[in-house]
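# A structural walkthrough
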Amino acid sequence: MIVLHTPRLFLRNFIPEDLEVLYDYRNNEGCARYQHWENTSKEYLREWIERYAQSAFLSKEPEQHYAISLTQGQLIGDLSFFYNEADPCITLGYTISYRHWRQGYAFEMLSTLLPAIQKAYPQTDIVALVEKENVPSIALLQKCGFVEEGFSEKINSCIFVKPPVGPSAPNRKETHP
């Protein structure tokens with residue numbers, strides 16, 4: 001099921017046919033460099049695809065995962081969406097396959113995704129956690145309007161936040177983990 005589209009991309013639910021490409025880039029040293037995947041075996045990824053194949057877009061499910069594909073259907077990356085009702089915040093994660101780096105795909109997807117999230121959750125911070133050495137991802141987040149709030153030694157990441165928009169957005173004083 002396609003949940004969002006851009007001129008070149010679909011954000012969609014995972015399908016079993018995504019396994020080989022997912023396995024390829026999750027086991028690529030460059031893609032894995034700034035990720036914290038615990039298991040990248042085919043069996044685990046097959047089960048992972050099955051578990052998240054029915055994620056309901058922008059729902060309050062605590063953990064959701066989506067495929068980023070070219071409009072022809074070819075998987076080129078994935079997007080993670082973690083909803084925390086208690087905070088409230090949404091934490092995003094994304095990976096683009098090494099075969100598709102430096103083509104503007106992550107920016108294109110985030111530029112369409114962020115307004116959709118802000119419309120559905122207008123009072124909610126959108127958070128991204130990035131290792132300080134991941135300069136391309138930091139530049140991407142800044143280009144998308146995220147603001148660095150600091151560094152967490154506990155999770156070894158810079159914390160970037162895209163605050164709520166609009167006149168009713170609360171003043172933010174707290175920081176996220």
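Keep in mind that what you see is a predicted model, and the values were worked out from it rather than measured. (Residues numbered from 1 in each chain as written. Predicted model: local features only at pLDDT ≥ 70, side-chain atom pairs only at ≥ 80, totals over all residues. Heavy atoms only, no water.)

This next bit is on helix α5 (residues 135-143). Turn by turn, an α-helix covers 3.6 residues, leaving residues three or four places apart pointing in a common direction. Here α5 has its buried residues at S137, I138, L140 and L141. Summarising the axial view, the buried residues of α5 lie within an arc of 160°, below the 170-degree limit, and thus occupy one face. The exposed residues of α5 that point more than 90 degrees off its buried face are V135 and K143. Where α5 is buried, its residues touch β5 (89-96), α4 (105-120), β6 (125-130) and β8 (157-162). Phi turns positive, to about 95°, at G145, one or two residues after α5. (Buried < 20%, exposed > 50% of the residue type's maximum accessible area, 1.4 Å probe, protein only. Helix = DSSP H or I, 4+ residues; strand = E, 2+ residues; numbered from the N terminus. Arc of directions from axis to C-beta. Contact = heavy atoms within 4.5 Å.)

Moving on, we come to the pattern of salt bridges. A side chain with one charge can pair with a side chain of the opposite charge if their charged atoms come near. Scanning all chains against the criterion turns up 7 salt bridges. E108 is paired through a salt bridge with R8; the nearest N and O atoms lie 2.5 Å apart. Here E108, found in helix α4, pairs with R8, found in the loop between β1 (2-5) and β2 (9-12); they are 100 residues apart in sequence, far enough to count as distant. E85 is the partner of K60 in a salt bridge, and the nearest nitrogen-oxygen pair spans 3.9 Å. Residue K60 is found in the loop between α3 (42-52) and β3 (63-70), and its partner E85 is found in the loop between β4 (75-84) and β5; the two are separated by 25 residues along the sequence. Overall, E85 belongs to the exposed group, its relative accessible area being 54%. (Salt bridge = Lys/Arg side-chain N within 4 Å of Asp/Glu carboxyl O.)

This part is about the nonpolar core. By size, the foremost hydrophobic cluster in this structure holds 35 residues, and its most contacted members are L11, F81 and L92. Examining the composition of this core, we find that 8 residues originate from one element, α4, more than from any other. If we ignore the near neighbours within four places in the chain, the residues touching L92 are S80, F81, L110, L113, L114, I117, I126, V127 and A128. F14, L45, W48 and I49 belong to the second-largest nonpolar core, a separate cluster that totals 11 residues. (Core = buried A, V, L, I, M, F, W, Y, C linked by side-chain atoms within 4.5 Å.)

Roughly 1400 Å³ of internal volume is contained in the largest pocket. For the lining of the largest pocket, the secondary structure elements donating two or more residues are α2 (29-32), α3, β3, β4, β5, α4, β6 and α5. Considering each element in turn, the lining of the largest pocket owes the most residues, 7 residues, to β5. Broken down by class, the residue content of the lining of the largest pocket amounts to 22 nonpolar, 17 polar and 8 charged. (1 Å grid on protein atoms, 1.4 Å probe; cavity = no way out; pocket = protein on both sides within 12 Å on 5 of 7 lines; lining within 4 Å. Points joined across faces, edges and corners; volume = space filled by probe spheres on them. Nonpolar A, V, L, I, M, F, W, Y, C, P; charged D, E, K, R; others polar.)

Let us look at the packing of aromatic side chains. All chains considered together, the criterion is met by 4 aromatic pairs. Taking 5.2 Å as the distance between ring centres and 40° as the angle between the ring planes, the aromatic pair formed by Y83 and Y121 counts as tilted. Here Y83, found in strand β4, pairs with Y121, found in the loop between α4 and β6; they are 38 residues apart in sequence, far enough to count as distant. A relative accessible area of 9% means that Y121 is categorised as buried. Among the aromatic residues, ring-to-ring pairing joins F14, W48 and Y52 into one connected group. The ring of F107 is capped by K143, whose NZ or CZ atom sits 4.2 Å from the centre of that ring. (Phe/Tyr/Trp six-rings, centres within 6.5 Å; stacked < 30°, edge-to-face > 60°. Lys NZ or Arg CZ within 6 Å of the ring centre and 35° of its normal.)

By themselves, these observations are geometric and do not establish any function.
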